[in-house]
Amino acid sequence: MVERRYRHPGRKRHPGRQVFQGILFVLHTGIAREHLPQELGFGSGMTCWRRLAEWTEAGVWPRLHEALLAKLRSADALDFSRAAVDGSHIRGVKGGSRTRRSPVDRGKTGSKHHLITDATGIPLAVTLTGGNRNDVTQLIPLLQAVPHVRGKRGRPRHRPDVVLGDRGYDHDKYRRLVRALGVKPLIARRGIEHGSGLGTQRWVVERAFAHLHWFRRLRIRWEIRDDIHEALLTLGCALICWRRLSQAARALTLPQ
């Protein structure tokens with residue numbers, strides 16, 4: 001909470017809860033912040049953007065995501081027995097340091113979202129790169145970005161037992177690096193027939209991308225600043241965790 005000055009306090013800050021609702025409104029609808037309807041009481045679009053930048057600098061969103069992951073682990077709704085990784089290209093409209101021309105998507109300029117989920121599709125970590133980056137280059141950063149998840153007695157958990165990946169991650173160098181982290185890689189090999197069976201387990205990360213890009217602000221990158229887009233990405237992951245936590249709570253309260 002920001003304290004007001006005693007002398008010359010200036011205009012009173014808009015309540016944080018309402019500003020947060022404005023940020024969620026932009027995330028869900030994809031509306032430009034300058035078009036945020038004033039009659040909804042969220043404050044101006046510039047107010048929401050400044051508060052988003054302020055909270056991003058304070059590290060609010062990763063802490064929120066980590067806290068929700070701990071709640072899920074406490075509810076036995078988080079499965080570290082395996083993890084799945086994948087990447088998804090999005091178009092970048094206004095540019096930014098992590099926007100590049102994609103070599104596979106007709107040369108469109110954009111960014112890539114790289115995601116790692118648990119065995120049930122709960123987002124554990126997400127990274128942002130230019131659209132020209134190969135998915136395999138983010139395999140180790142994704143594993144290292146998984147937070148130390150508390151929620152149970154004993155040491156926090158932050159490494160899955162197994163990581164699943166498609167043929168885009170087929171590289172022996174990265175297999176060795178994954179094993180060095182104490183994780184077993186299960187990655188499809190190039191040049192072999194389809195039917196490895198990994199798709200029956202790896203589809204959860206594709207579903208997580210569908211849930212993540214259900215937030216319209218994440219389907220196309222409008223933010224020039226990388227940290228702001230990453231903040232919205234992390235907030236989207238936290239909201240998916242919140243929904244899964246709500247589902248787990250409802251399942252516990254339903255009569256048997």
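Heads up: these notes are all about the structure in this document. On a predicted model such as this, the values are computed, not experimentally measured, just so you know.

## Observations regarding the overall build of the protein chain
When you go through the protein chain residue by residue, the secondary structure sums to 7 helices and 7 strands. The secondary structure elements of the protein chain, listed N-terminal to C-terminal, are α-α-α-β-β-β-β-α-β-α-β-α-β-α. A compact globule built from 256 residues should have a C-alpha radius of gyration of about 18 Å, and the protein chain, at 20 Å, falls within 12% of that. Taken along the three principal axes of its C-alpha coordinates, the protein chain extends 70 × 50 × 35 Å.

## Topic: the pattern of salt bridges
Tallied over the full model, the rule gives 16 salt bridges. For the salt bridge of Asp86 with Arg202, the shortest nitrogen-to-oxygen distance reads 3.6 Å. Pair noted here: Asp86 is in strand S1 (residues 83–92) and Arg202 is in helix H6 (residues 199–212), with a separation of 116 residues, a long-range link. Using a relative accessible area of 9% as the deciding quantity, one classes Asp86 as buried. The partner of Asp170 in a salt bridge is Arg175, and the shortest N-O contact between them spans 2.7 Å. The residues Asp170 and Arg175 share a single accessibility class, namely buried. When salt bridges that share partners are traced, they join Asp86, Asp166, Arg202 and Glu206 into one network.

## Things to note about unusual backbone geometry
Most peptide bonds adopt trans geometry, and most residues besides glycine take a negative phi value. Of note, Asp76 is a non-glycine position whose phi angle comes to about 60°, a positive value. Locating Asp76 in the fold gives a position in the loop between helix H3 (60–74) and S1.

## What to know about the nonpolar core
Of all hydrophobic cores here, the largest spans 31 residues; its most connected members are Ile23, Leu27, Leu52, Leu115, Leu218 and Leu235. No other element matches the 8 residues that helix H7 (residues 226–253) contributes to this core. Of all hydrophobic cores here, the second largest spans 29 residues; its members include Phe80, Leu139, Val149 and Val178.

## Regarding the side chain of Asp170
On the secondary structure map, Asp170 appears in the loop between strand S5 (162–165) and helix H5 (172–180). Assessed through its relative accessible area of 13%, Asp170 is described here as buried. Looking at Asp170, its side chain comes within polar contact range of the side chain of Arg175, at 2.7 Å. When near neighbours in sequence (up to four residues on either side) are disregarded, Asp170 contacts Arg175, Ile187, Ala188, Arg189 and Arg190.

## Section: the pairing of strand S3 (residues 109–117)
Summarising burial for S3: 8 of the 9 residues are buried, a large majority. Sheet topology places S1 next to S3; 8 bridges connect them, and they run antiparallel. Opposite Val85, over in S3, you have Ile116 as the bridge partner. Across 2 bridges, strand S2 (residues 100–101) lies against S3 in antiparallel orientation.

## As for a positive patch on the surface
A grouping of Lys173, Arg176, Arg179 and Lys184 is seen on the molecular surface, where their side chains present a positively charged patch. Among the elements that line the positive patch, the one with the most residues is H5, at 3 residues. Here Arg176 lies in helix H5.

## So, the state of the cysteines
In the structure shown here, the tally under the stated rule is 0 disulfides. The cysteine Cys237 is free of any disulfide, with Cys241 supplying the nearest cysteine sulfur at 6.9 Å.

The rules behind each value
- Residues numbered from 1 in each chain as written.
- Predicted model: local features only at pLDDT ≥ 70, side-chain atom pairs only at ≥ 80, totals over all residues.
- Heavy atoms only, no water.
- Helix = DSSP H or I, 4+ residues; strand = E, 2+ residues; numbered from the N terminus.
- Rg over C-alpha atoms; globule rule 2.2 N^0.38 Å.
- Salt bridge = Lys/Arg side-chain N within 4 Å of Asp/Glu carboxyl O.
- Buried < 20%, exposed > 50% of the residue type's maximum accessible area, 1.4 Å probe, protein only.
- Core = buried A, V, L, I, M, F, W, Y, C linked by side-chain atoms within 4.5 Å.
- Polar contact = N/O pair within 3.5 Å; in protein donor to acceptor, adjacent residues only side chain to side chain.
- Contact = heavy atoms within 4.5 Å.
- Pairing = 2+ DSSP bridges.
- Patch = residues over 30% accessible without salt bridge, like charges linked within 9 Å, V, L, I, M, F, W, Y side chains within 5 Å.
- Areas by Shrake-Rupley, 256 points an atom, 1.4 Å probe, with all protein chains shown as cover.
- Lys, Arg positive; Asp, Glu negative; His and termini not counted.
- Charge placed at Lys NZ, Arg CZ, Asp CG, Glu CD.
- Disulfide = S-S within 2.5 Å.

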